[in-house]
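Spelled out from the first residue to the last, the chains are:
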Amino acid sequence: MMCNDWLARVFDQSELKQIFNFYDKDGSGYITPDELEKAFKRLGKPYNKQEIKKMLIKHDANFDGKISFEEFI
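The paragraphs below set out a description of the structure included in this document. (Residues numbered from 1 in each chain as written. Predicted model: local features only at pLDDT ≥ 70, side-chain atom pairs only at ≥ 80, totals over all residues. Heavy atoms only, no water.)

**Some details on helix 3 (residues 33-42)**
(1) Moving on: Within helix 3, the full set of buried residues consists of Glu35, Leu36, Glu37, Ala39 and Phe40.
(2) Moving on: Residues of helix 3 that are buried in the fold lie against helix 2 (13-23), strand 1 (30-31) and helix 4 (49-59). (Buried < 20%, exposed > 50% of the residue type's maximum accessible area, 1.4 Å probe, protein only. Helix = DSSP H or I, 4+ residues; strand = E, 2+ residues; numbered from the N terminus. Contact = heavy atoms within 4.5 Å.)

**Regarding the nonpolar core**
(1) Moving on: One finds Tyr23, Ile31, Leu36, Phe40, Ile52 and Phe72 to be the most contacted residues of the largest nonpolar core, which totals 13 residues.
(2) Moving on: When contributions to this core are tallied by element, the ones reaching two or more residues are helix 2, helix 3, helix 4 and helix 5 (69-72). (Core = buried A, V, L, I, M, F, W, Y, C linked by side-chain atoms within 4.5 Å.)

**A closer look at the packing of helix 3 against helix 4**
For any two helices packed against each other, one specifies the crossing angle of their axes together with the interaxial distance.
(1) Moving on: One way to put it is that helix 3 packs onto helix 4 with a least axis distance of 10 Å and a crossing angle of 115 degrees. In the packing of helix 3 onto helix 4, the handedness of the crossing is right-handed. Between helix 3, through Pro33, Leu36, Glu37 and Phe40, and helix 4, the contact on the second element is made entirely by Lys49, Ile52, Met55 and Leu56.
(2) Moving on: For the contact of helix 3 with helix 4, a count of residues per class yields six nonpolar, no polar and two charged. (Axes fitted to C-alpha atoms, helices over the stretch in contact; angles between N-to-C directions. Left-handed = near helix turned anticlockwise from the far one by under 90°. Nonpolar A, V, L, I, M, F, W, Y, C, P; charged D, E, K, R; others polar.)

**Topic: the environment of Glu35**
(1) Moving on: Mapped onto the elements of the fold, Glu35 is located in helix 3.
(2) Moving on: When its relative accessible area of 8% is taken as the criterion, Glu35 is described as buried.
(3) Moving on: Here the alpha-carbon distance between Glu35 and Lys66, two residues 31 residues apart in the chain, equals 9.7 Å.
(4) Moving on: Leave out the neighbours within four places in its chain, and Glu35 touches Tyr23, Asp24, Lys25, Asp26 and Tyr30.
(5) Moving on: At 3.0 Å, the side chain of Glu35 and the backbone nitrogen of Thr32 are in polar contact. (Polar contact = N/O pair within 3.5 Å; in protein donor to acceptor, adjacent residues only side chain to side chain.)

Written as structure tokens, this is what we have:
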């Protein structure tokens, strides 16, 4: 969900995994729309379900309705 080049310069792999895990609360290996919505609320940046859907469409490369770690980075 972030720029890969920028992430590679700023964070190492373990830090990226920690950030991903902030969103993936159930530890499934995927960020679901519900988890994404709740994470943004925790960050003080609430988005409605339509905005979350747009984010998923943009970043869900395999169109399975969730974000994998690979799609995240």
